[in-house]
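An overview of the molecular structure
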Amino acid sequence: MAAAPALGRVLSAMVTPMRADGSLDLDEAQRLATHLVDQGHDGLVVSGTTGESPTTSAAEKDELLRAVIDAVGDRAVIIAGAGSNDTAKSIESVRLAQKAGADAVLAVTPYYNKPPQAGLVAHFTALADASDLPVMVYDIPGRTGTAIARETYLRIADNERIAAVKDARGDLWFASEIMQATGLDWYSGDDALNLAHFVNGAVGFVGVTSQVAPAAYREMADAVLEGRWDDARAVHRRLTPLVNAVMNVTQGAIMAKAGLALQGVISTPTVRLPLVEADSEQTALLRGVLAPTSTDSIPE
């Protein structure tokens, strides 16, 4: 395993803190980013889906990115979510991310319009050619409706700026094949499979639950890096109830914000429609697995 992957090892798709009226809270975004880096994060994805990118404007994304870079850009890799199902808009997002000072961009497979594989090659190539930034391709067919085919990976891997993959397709055998065939840096994009991806050869993960338990996820990654697999499994098993609560009850951004609010890391769990805040039953579930007075408490 690489000692220091270029885009980091422990990353979260950071939530976007909002005030009770739904407006962005940039000061709180900076505090959250600082908290995560202080707790061992190597990098942050800003304005990914967990950051509610579908319901924030281009201007808001730019403000948020610049605020996070100003807070922790000298200590962590900052990856800007720049993908969409419109290549022209995605190209503009990539260029704005470079102008703002991002270290890389995350490019999700175009969703809903279900492009053919030739379209995926053209889309990812256009985004890679739009700036000097490395691109992390995000493969999540459960949301986009389109999986990236093996042949497509082989073609886009030839582009020197396509550097990494965030894998949320849940197929470890396919991941193993593509890692071996392309040499791309592989990141787990599925909280439940982080440890399995590490075993399979991934260099890191881009998590959601990891921002609610940053110290525990740092502990697991360090155990993997040092070959302490029993310790890594122990952390993985301790995290299971929390992962289930954050990822398997409702949308992850909803529960991550609820968890961070319970911990006092952010002030409100406000989300924008069509997302809605965690209800009392969901919040109680989180309380049962995460002590609200701690910034990183996982029950033994």
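Source: prediction; values computed, not measured.

Cut-off values and rules
Residues numbered from 1 in each chain as written. Predicted model: local features only at pLDDT ≥ 70, side-chain atom pairs only at ≥ 80, totals over all residues. Heavy atoms only, no water. Helix = DSSP H or I, 4+ residues; strand = E, 2+ residues; numbered from the N terminus. Buried < 20%, exposed > 50% of the residue type's maximum accessible area, 1.4 Å probe, protein only. Contact = heavy atoms within 4.5 Å. Areas by Shrake-Rupley, 256 points an atom, 1.4 Å probe, with all protein chains shown as cover. Lys, Arg positive; Asp, Glu negative; His and termini not counted. Charge placed at Lys NZ, Arg CZ, Asp CG, Glu CD. Axes fitted to C-alpha atoms, helices over the stretch in contact; angles between N-to-C directions. Parallel < 35°, antiparallel > 145°, perpendicular 65-115°, else oblique. UniProt positions renumbered as here; feature names shortened; annotations may be inferred. 1 Å grid on protein atoms, 1.4 Å probe; cavity = no way out; pocket = protein on both sides within 12 Å on 5 of 7 lines; lining within 4 Å. Left-handed = near helix turned anticlockwise from the far one by under 90°. Nonpolar A, V, L, I, M, F, W, Y, C, P; charged D, E, K, R; others polar. Pairing = 2+ DSSP bridges. Right-handed = clockwise from strand over helix to strand, strands pointing away.

A few points about the overall build of the protein chain
The helix and strand tally for the protein chain stands at twelve helices and eight strands. Across its three principal axes, the protein chain shows a C-alpha extent of roughly 50 × 45 × 35 Å. A buried classification covers 54% of the 300 residues belonging to the protein chain. A separation threshold of at least 6 residues defines the contact pool for the protein chain, and within that pool the share at least 24 residues apart is 70%. Surface summary for the protein chain: the accessible area is close to 12,100 Å², and the carbon and sulfur share equals 50%. If you average the places of the 24 positive and of the 37 negative side-chain charges in the protein chain, the two averages end up 2 Å apart.

Here's the deal with the packing of helix α10 (residues 229-247) against helix α11 (residues 252-263)
Running from N to C, α10 and α11 point in directions that differ by 120 degrees, and their axes come no closer than 7 Å. Regarding the angle of α10 to α11, the classification is oblique. Between α10, through Ala245, Val246 and Met247, and α11, the contact on the second element is made entirely by Gly252, Met255 and Ala256.

A word on the UniProt feature "site: Part of a proton relay during catalysis" (unreviewed entry) in the protein chain
Mapped onto this numbering, the UniProt entry annotates "site: Part of a proton relay during catalysis" (unreviewed entry) at Thr49 and Tyr112. Lining residues of the largest pocket drawn from the annotated list: Thr49. Non-local contacts of Thr49, meaning those with residues more than four positions away in its chain, are made with Arg143 and Gln251. The contacts of Tyr112, once residues within four sequence positions are left out, are Asn85 and Thr144.

Quick look at the packing of helix α9 (residues 214-225) against α10
For the pair α9 and α10, the least separation of the axes is 8 Å and the interaxial angle reads 155 degrees. Our classification of the angle between α9 and α10 gives roughly antiparallel. At the point where α9 passes α10, the crossing takes the left-handed sense. The segment α9 lies against α10, with Ala216, Tyr217, Glu219, Met220, Ala223 and Val224 engaging Trp229, Asp231, Ala232, Val235, His236, Arg238, Leu239 and Val243. Residue composition of the contact of α9 with α10, by class: ten nonpolar, one polar and three charged.

Some details on the sheet that holds strand β5 (residues 135-139)
The strand order around the closed barrel built from eight strands is β1-β2-β3-β4-β5-β6-β7-β8, with neighbouring strands paired in parallel fashion. Direction aside, the axes of adjacent strands within the sheet are offset by 25 degrees on average. Bridge analysis of strand β3 (residues 77-81) against strand β4 (residues 104-108) gives three bridges, and the strand direction is parallel. Pairing of Ile79 across the sheet is with Ala104, part of β4.

A short note on the pairing of β5
Extensive coverage of β5 is indicated by the burial of five of its five residues. Taking every second residue as pointing to the same face, both faces of β5 are buried, with Val135, Val137 and Asp139 on one and Met136 and Tyr138 on the other. Both β4 and β5 contribute to a ladder of four bridges, which runs parallel. Within β5, the position partnered with Leu106 by the bridge is Met136. You can see the chain leave β4, run along helix α4 (residues 117-128) and come back into β5, and the turn it takes is right-handed. When β5 meets strand β6 (residues 162-167), the two strands line up parallel, connected through five bridges. When the bridges of β6 are listed, Val137 appears paired with Val165.

Some thoughts on the UniProt feature "binding site: pyruvate" (unreviewed entry) in the protein chain
Under the feature "binding site: pyruvate" (unreviewed entry), the UniProt entry names Thr50 and Val206. A compact arrangement is adopted by the annotated residues: their sequence extent is 157 residues, whereas the largest C-alpha distance between any two is 10.8 Å. Within the annotated group just given, the residues that line the second largest pocket are Thr50 and Val206. Tracing the sequence through the fold places Thr50 in the loop between β2 (43-46) and α2 (58-72). When near neighbours in sequence (up to four residues on either side) are disregarded, Thr50 contacts Ala13, Met14, Val15, Thr16, Val208, Gln211 and Ala253. Mapped onto the secondary structure, Val206 falls in strand β8 (residues 204-207). In this structure Val206 comes out as buried when scored by relative accessible area, which is 2%. Filtering out sequence-adjacent residues up to four positions away, Val206 remains in contact with Leu11, Ser12, Ala13, Val45, Met136, Lys166, Tyr187, Ser188 and Gly189.

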